[in-house]
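As a plain string of letters, each chain reads:
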Amino acid sequence: MNTFPFKIVYRSSDGQYVGFRFKEQGDTKTALTLYKVDIMPERNHIAFNFYSDDVDGYHKYLSEQNYMVSDIHGGDGMRFFDLYDPDGNGLGIVTF
């Protein structure tokens, strides 16, 4: 699956977390670490956003891959939509 351009750079030996890095050119690298939890805290909003240069194109791609996505919304110079995993956890996709 190529939904996000991640490369796994670390897995803890106890299986409690995994580190990812985006496949980027140059010296600056963006990383993300995911930790295993037993209970997800309840939130009223999407906790994490990914930036995209092409929100419309990415929305179309994800929709064609049968991902659950919201409609595209906009305001205050931003355009965004939400993407949900099979468990209903959401991520935001945004451009500005």
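Please refer to the structure placed before this passage.
Fair warning: this is a prediction, and the values are worked out from it, not measured in the lab. Sequence order as written defines the numbering, with residues in each chain counted from 1. Confidence filtering applies because this is a predicted model: local features only for residues at pLDDT of at least 70, side-chain atom pairs given and counted only at 80 or more, and all residues used for totals across whole chains, interfaces and linings. Side-chain metrics in this entry use all non-hydrogen atoms of the structure; hydrogen atoms and water are not considered.

Novice: Help me understand the sheet that holds strand E3 (residues 31-35), please; the structure alone is not making it clear to me.
Specialist: What links the strands of a sheet is backbone hydrogen bonding, and the strands pair in either a parallel or an antiparallel sense. If you walk across this open sheet you meet the 3 strands as E1-E2-E3, and the pairing is antiparallel. Looking at the sheet topology across the chains shown, the edges are occupied by strand E1 (6-11) and E3. Averaged over all adjacent pairs, the angle separating strand axes in this sheet is 25°, with direction ignored. Taken together, the 5 bridges between E1 and strand E2 (residues 17-22) define a ladder with antiparallel strand orientation. Paired with Phe6 across the bridge in E2 is Phe22. At least two DSSP bridges between two strands are needed for those strands to be called paired. Only DSSP runs of H or I reaching four residues or more are called helices, and only runs of E reaching two or more are called strands; each is numbered from the N terminus. Axis angles are defined between N-to-C directions and span 0 to 180 degrees, where every axis is a line fitted to C-alpha atoms and, for a helix, only to the segment in contact.

Novice: Explain the pattern of salt bridges to me, please; I cannot follow it from the model alone.
Specialist: Opposite charge on two side chains lets them pair, provided their charged atoms get close. Whenever Lys or Arg places a side-chain nitrogen within 4 Å of a carboxyl oxygen from Asp or Glu, that contact is recorded as a salt bridge. Tallied over the full model, the rule gives 2 salt bridges. Between Asp56 and Arg79 there is a salt bridge; the shortest N-O distance is 2.7 Å. In this pair, Asp56 sits in helix H1 (residues 55-64) while Arg79 sits in strand E7 (residues 78-84), placing the two residues 23 residues apart along the sequence. Each residue is placed in one exposure class: buried if its accessible area under a 1.4 Å probe, protein chains only, is under 20% of its type's maximum, exposed if it is over 50%, and partly exposed if it falls in between. Assessed through its relative accessible area of 35%, Arg79 is described here as partly exposed. Glu64 is the salt-bridge partner of Lys60, the closest N and O atoms lying 3.3 Å from each other. Highlighted residues: Lys60 and Glu64, both in helix H1, separated by 4 residues, approximately one helical turn.

Novice: Any chance you could explain the pairing of strand E8 (residues 90-95) here in plain terms?
Specialist: Sheet topology note: the strand E4 (residues 49-51)/E8 ladder contains 3 bridges and is parallel. Across the sheet, the residue bridging to Tyr51 is Val94, located in E8. For E7 and E8, the ladder comprises 6 bridges, and the chain directions are antiparallel. Across the sheet, residue Phe81 finds its bridge partner in E8, namely Ile93. In textbook terms, the turn of a hairpin is the stretch between consecutive antiparallel strands, and for E7 and E8 this stretch comprises 5 residues, one of which, Gly88, has a positive phi near 90°.

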